[in-house]
Amino acid sequence: MFNKKLILICALFLTLFIVGCNDEEPTKAEVIQHNWNESPLFKSGSYTMIGEEGRLGFIYDDSEVVRFYPDKTQKYMWHFWGNEDELIGDFIVLGTHENSDEEITVFPKSGNTNLSPINGADQHMPTNMTLPKSGMWKLDAYIGDDIFGSVYVKVHEK
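About the thresholds
Residues numbered from 1 in each chain as written. Predicted model: local features only at pLDDT ≥ 70, side-chain atom pairs only at ≥ 80, totals over all residues. Heavy atoms only, no water. Helix = DSSP H or I, 4+ residues; strand = E, 2+ residues; numbered from the N terminus. Pairing = 2+ DSSP bridges. Axes fitted to C-alpha atoms, helices over the stretch in contact; angles between N-to-C directions. Salt bridge = Lys/Arg side-chain N within 4 Å of Asp/Glu carboxyl O. Buried < 20%, exposed > 50% of the residue type's maximum accessible area, 1.4 Å probe, protein only.

(A) Local environment of the overall build of the protein chain. What the protein chain contains, in helices and strands, is 3 helices and 9 strands. Going from the N terminus to the C terminus, the protein chain shows its helices and strands as α-α-β-β-β-β-α-β-β-β-β-β.

Rendered as structure tokens:
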């Protein structure tokens, strides 16, 4: 009986060891496909937004009028949900293209924001944003020194 338990325990540890030693890394295409999908659309108030419902987003409905196109400056109204401590501070948006590690400033640091609820959100910030080339982009929104969240958007071909 003791030998059977010992063999079973050894087989279990050997199985876990073999599974744990799998050092295959995902390909870049697998990482991109998994992490670089356009953020979901959601409703807040009477507007459709893109982002993370209940956390952050901006007015966007993927219509021709509001879509991102290379080097086209558009106005977007960001909305934030959270407590007062995390919603007060300088606001900046940094962007990263799916095929690059370089961050660009999409919206430069603005002055200290004050709580200003609108459209069901606890805070909002109007911005003008431009992205330089087509493809998927990750937009990292910072309030103060901390990242508040990220929104993934597609920049369409002209």
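(B) Structural view of the sheet that holds strand 7 (residues 123-129). Strand order in the open sheet formed by 5 strands is 1-2-3-4-7, with antiparallel pairing between adjacent strands. The sheet is open, and its two edges are formed by strand 1 (41-44) and strand 7, each paired on a single side. Adjacent strand axes in the sheet meet at a mean angle of 35°, parallel and antiparallel pairs treated alike. Sheet analysis places strand 1 next to strand 2 (residues 47-52), joined by 4 bridges and oriented antiparallel. The residue bridging Ser 44 from the neighbouring strand is Tyr 47, located in strand 2.

(C) View of the pattern of salt bridges. Considering all chains together, one arrives at 4 salt bridges under this definition. With a closest N to O distance of 3.2 Å, Asp 62 and Arg 67 form a salt bridge. Of the residues examined, Asp 62 reaches a relative accessible area of 25% and is grouped as partly exposed. Across the pair Lys 138 and Asp 140 runs a salt bridge, and its minimum N-O distance is 3.7 Å. When its relative accessible area of 21% is taken as the criterion, Lys 138 is described as partly exposed. The class for Asp 140 is buried, based on a relative accessible area of 3%.

(D) Structural view of unusual backbone geometry. Look at Asp 62: it is not a glycine, yet its phi comes out positive at around 60°. Positionally, Asp 62 belongs in the loop between strand 3 (56-59) and strand 4 (74-80).

(E) Up close: the sheet that holds strand 5 (residues 91-97). Taken in spatial order, the 4 strands line up as 6-5-8-9 in an open sheet, and their pairing is antiparallel. Looking along the sheet, the strands with just one partner apiece sit at the ends: strand 6 (103-110) and strand 9 (146-155). This sheet shows a mean twist of 20° between the axes of neighbouring strands, independent of strand direction. Of the strand pairs in this sheet, strand 5 and strand 8 (residues 135-143) are connected by 7 bridges, and their pairing is antiparallel.

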